[in-house]
Amino acid sequence: MNTDLNGRAAHRAEITARAEAQMAAMGVDAAFIEQLVETFYGHIRQHPDLGPVFEGRLAGRWPDHMVKMKAFWSSVAFKTGAYGGKPVMAHQNVDGMAEHLFLQWLQLFSDTLVEIGASEEAHGWFMASAERIAKSLVLSLFYNPAFDDPRMRNPS
Ligand code: HEM
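Our subject in this report is the structure included herewith. On a predicted model such as this, the values are computed, not experimentally measured, just so you know.

1. Some remarks on the site of the ligand
Thinking step 1. Inspection of the region around the ligand gives 22 residues, with Arg 57, Arg 61, Lys 68, Tyr 83 and His 91 positioned closest.
Thinking step 2. Between the ligand and Arg 61 there is a distance of 2.8 Å, counted from an oxygen atom to a side-chain nitrogen or oxygen.
Thinking step 3. Of the pockets mapped on this structure, the ligand occupies the largest pocket.
Thinking step 4. Of all elements in the fold, only helix H3 (50-58), helix H4 (62-78), helix H6 (101-115) and helix H7 (120-142) reach the threshold of two or more residues within the shell around the ligand.
Thinking step 5. Residue composition of the shell around the ligand, grouped by class: 15 nonpolar, three polar and four charged.

Okay, here's the thing in structure tokens:
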């Protein structure tokens, strides 16, 4: 039993060490994540369309959100498992949430990566991760399986 647990802990440590090395090779470390999250949400709050949507939900709770988002991106980048939240639920019933805002979110994220001097590899890696998550959020928030029903397309 103990050997099993030790084995699993060692396996997890190996995964994290490998992810850290992969990130380091792209110039990504804890300070990079800190700067990415601080700069990105600084811009989000100033954004004419995204700002009010975030503010409506996060007024008075920004410090907590920032801590969560740093844990989230560290977890994704370094595979630490430090983030244990429920992103889909967090995005439900947000006033003003709309599908087109995701493109603006992704554009701002890309601009932020350029602004903070992310390497080309880091830019590509973070954008691929963000796009993948954005796609799954959009599907869970706006997609209705009934749209695939041929009767919805050709009502008779
Ligand atoms: C139009 C796009 C988006 C909007 C308006 C939006 C808005 C929000 C808001 C208002 C919250 C706070 C929820 C709360 O604590 O009550 C939140 C949390 C969060 N968002 Fe987004 N978001 C967007 C896109 C994304 C994308 C693309 C990602 C990932 C790449 C993401 C990741 C997260 C995560 C991890 C949380 C924390 C969830 C938790 O509570 O554990 N969001 N978002």
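Picking up where we left off.
2. Digging into unusual backbone geometry
In terms of backbone geometry, most residues other than glycine have negative phi values and most peptide bonds are trans.
Thinking step 1. The backbone of Lys 79 sits at a positive phi, close to 50°, despite the residue not being glycine.
Thinking step 2. Residue placement: Lys 79 occurs in the loop between H4 and helix H5 (87-90).

3. Concerning the environment of Ile 116
Thinking step 1. With respect to the secondary-structure elements, Ile 116 resides in the loop between H6 and H7.
Thinking step 2. Ile 116 gets classed as buried once you look at its relative accessible area, which sits at 14%.
Thinking step 3. In this structure, the C-alpha to C-alpha distance between Ile 116 and Gln 35, residues 81 residues apart in sequence, is 7.4 Å.
Thinking step 4. Discounting chain neighbours no more than four positions away, the residues touching Ile 116 are Phe 32, Gln 35, Leu 36 and Thr 39.

4. Details of the pattern of salt bridges
Pairing between side chains of opposite charge can happen when their charged atoms approach one another.
Thinking step 1. Taken as a whole and assessed by the stated rule, the structure comprises five salt bridges.
Thinking step 2. Its salt-bridge partner being Glu 38, residue Lys 70 comes within 2.6 Å of it at the nearest N-O pair. Of this pair, Lys 70 sits in helix H4 while Glu 38 sits in helix H2 (residues 30-46); the two residues are 32 residues apart in sequence, bridging distant segments of the chain.
Thinking step 3. Each member of the salt-bridge network shares a partner with another, and the members are Glu 34, Glu 38 and Lys 70.

5. Observations concerning the layout of surface pockets
Thinking step 1. Reported here for the largest pocket is a volume of approximately 720 Å³.
Thinking step 2. Taken together, 28 residues make up the lining of the largest pocket; nearest its centre are Phe 54, His 65, Met 69, Ala 90 and His 91.
Thinking step 3. When residues of the lining of the largest pocket are traced back to their parent elements, those giving at least two are H3, H4, H5, H6 and H7.
Thinking step 4. Here the element with the most residues in the lining of the largest pocket is H4; it accounts for six residues.
Thinking step 5. Looking at the lining of the largest pocket residue by residue, the classes come out as 20 nonpolar, three polar and five charged.

What counts and how
Residues numbered from 1 in each chain as written. Predicted model: local features only at pLDDT ≥ 70, side-chain atom pairs only at ≥ 80, totals over all residues. Heavy atoms only, no water. Near = heavy atom within 4 Å. Polar contact = N/O pair within 3.5 Å; in protein donor to acceptor, adjacent residues only side chain to side chain. 1 Å grid on protein atoms, 1.4 Å probe; cavity = no way out; pocket = protein on both sides within 12 Å on 5 of 7 lines; lining within 4 Å. Sits in = over half its atoms within 2 Å of the grid points. Helix = DSSP H or I, 4+ residues; strand = E, 2+ residues; numbered from the N terminus. Nonpolar A, V, L, I, M, F, W, Y, C, P; charged D, E, K, R; others polar. Buried < 20%, exposed > 50% of the residue type's maximum accessible area, 1.4 Å probe, protein only. Contact = heavy atoms within 4.5 Å. Salt bridge = Lys/Arg side-chain N within 4 Å of Asp/Glu carboxyl O. Points joined across faces, edges and corners; volume = space filled by probe spheres on them.

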